[in-house]
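# Working through the structure, step by step
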Amino acid sequence: MTIVYRILNYKNSMRITLIGSGNVATHLAAALKNAGHRIIQVYSRDAQHAAMLAYHVGAEAIDNLPVISPDTDMFIISVKDDAIIEMVKALAGYQKLIVHTSGSTNLNDMLVFTDNAGVLYPLQTFSKIKEVDFWTVPLCIEAANDHIKTNLEQLAATISNNIYHVNSADRKILHLAAVFACNFPNYLYTVAQQLLAGHQMNFDMLKPLILETAQKVQTQLPASVQTGPAVRNDVVTMDAHLQMLNGEAYLQEIYTLLSQGIIKNNNGGHGDK
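Our subject in this report is the structure included herewith. (Residues numbered from 1 in each chain as written. Predicted model: local features only at pLDDT ≥ 70, side-chain atom pairs only at ≥ 80, totals over all residues. Heavy atoms only, no water.)

Another point: the pairing of strand β5 (residues 74–77). Burial of the side chains of β5 extends over both faces: M74 and I76 are buried on one face and F75 and I77 on the other. By the bridge criterion, four bridges tie strand β2 (residues 15–19) to β5 in an arrangement that is parallel. Note that in β5 the partner of I16 across the bridge is M74. For β5 and strand β6 (residues 97–100), the ladder comprises four bridges, and the chain directions are parallel. The residue of β6 that forms the bridge with I76 is V99. (Buried < 20%, exposed > 50% of the residue type's maximum accessible area, 1.4 Å probe, protein only. Helix = DSSP H or I, 4+ residues; strand = E, 2+ residues; numbered from the N terminus. Pairing = 2+ DSSP bridges.)

What follows is the structure in structure tokens.
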């Protein structure tokens, strides 16, 4: 994996058709529009979703693939992973650059239908209700050839300061790591919130703890700042916690597995919490 520094002299705007209207498509469309690119159309099977995003970026909303305009330089596919190749197949006949934004779909799967293909994977969690500074978002690029690679580098440099070349195999590892780093902790936040709510306590009490943990890993390796009963191998406390989870077998299993992982990873190290 190599980093590509921002190309400051890129001035050509692109005409882009977005396939999808979800969280990633929404933020990407806004970033591209703000960078001076033109969003030609927004396609979604849900006409209302397409219309909402199209309105915000000055595009035409469509919910029928046959009415896609050929007046575009690039199709950006931002849909569920299991629908990406279906879309590639449907769009290949336009002989335009086709790019997907998935962390786990292999570029080779696209090349079955077109040689004019690439990947533009933004490594970030997106929600429509929260703005994201796209300049800070790592954009992972993969391309079918050097010409497409250059085009994607130039496009990416207009919306992000963090651009990387990542092949399909490494991108899958990156996506897996992101699930561990983002999706699983967010679920654990949900568990914590529900435990507190069950005893009339507010999740806000945990927010300073969550923030401090997140800030520590900005400058230190996560293993070096691990705290808690598991890193101390505090069996009495861990057993007490498991007793408190009686009747919630799946939470007991999660607690046990994570504690065992911490103990193994830290090899009996000591924490302060």
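A contiguous nonpolar surface patch, about 420 Å² in accessible area, is contributed by I173, L176, F180 and F184. Here L176 lies in helix α6 (residues 168–197). (Patch = residues over 30% accessible without salt bridge, like charges linked within 9 Å, V, L, I, M, F, W, Y side chains within 5 Å. Areas by Shrake-Rupley, 256 points an atom, 1.4 Å probe, with all protein chains shown as cover. Salt bridge = Lys/Arg side-chain N within 4 Å of Asp/Glu carboxyl O.)

Summed over the entire model, instances satisfying the criterion amount to three aromatic pairs. A centroid spacing of 5.6 Å and a plane angle of 65° characterise the contact between F75 and Y94, whose relative ring orientation is edge-to-face. Linking F75 in strand β5 with Y94 in the loop between α3 (81–91) and β6, this pair joins segments that are 19 residues apart in sequence. A ring pair is formed by F180 and F184, whose centres lie 5.1 Å apart and whose planes are at 80°; its orientation type is edge-to-face. Taken together, the residues F180 and F184, both in helix α6 and four residues apart, mark about one turn of the helix. (Phe/Tyr/Trp six-rings, centres within 6.5 Å; stacked < 30°, edge-to-face > 60°.)

Here we take up the state of the cysteines. Evaluated as defined, the whole model comprises zero disulfides. Here C140 stays free of any disulfide, with the sulfur of C182 as its closest cysteine sulfur at 14 Å. Here C140 falls in the buried class, since its relative accessible area comes to 2%. By relative accessible area, which is 29% here, C182 ends up partly exposed. (Disulfide = S-S within 2.5 Å.)

There is about 650 Å³ of room inside the second largest pocket. Surrounding the second largest pocket, 25 residues form its lining, Y121, P122, Q124, T125 and H175 being those nearest its centre. Elements supplying a minimum of two residues to the lining of the second largest pocket: α1 (23–34), α3, β7 (117–122) and α6. Top element by residues in the lining of the second largest pocket is α6. It accounts for eight residues. (1 Å grid on protein atoms, 1.4 Å probe; cavity = no way out; pocket = protein on both sides within 12 Å on 5 of 7 lines; lining within 4 Å. Points joined across faces, edges and corners; volume = space filled by probe spheres on them.)

Taken across its six residues, β7 has six buried, putting it largely inside the fold. Sheet topology note: the β6/β7 ladder contains three bridges and is parallel. Looking across to β7, one finds that I98 is bridged to A117. Across five bridges, the pairing between β7 and strand β8 (residues 138–143) is antiparallel.

The next thing to look at is the pattern of salt bridges. Enumeration over the complete set of coordinates arrives at six salt bridges. With a shortest N-O distance of 2.8 Å, R45 and E86 are connected by a salt bridge. Remark: E86 occurs in helix α3 and R45 occurs in the loop between β3 (38–43) and α2 (47–57); sequence separation between them is 41 residues. Classification of R45 as exposed rests on a relative accessible area of 56%. Accessibility expressed as a relative area gives 48% for E86, which makes it partly exposed.

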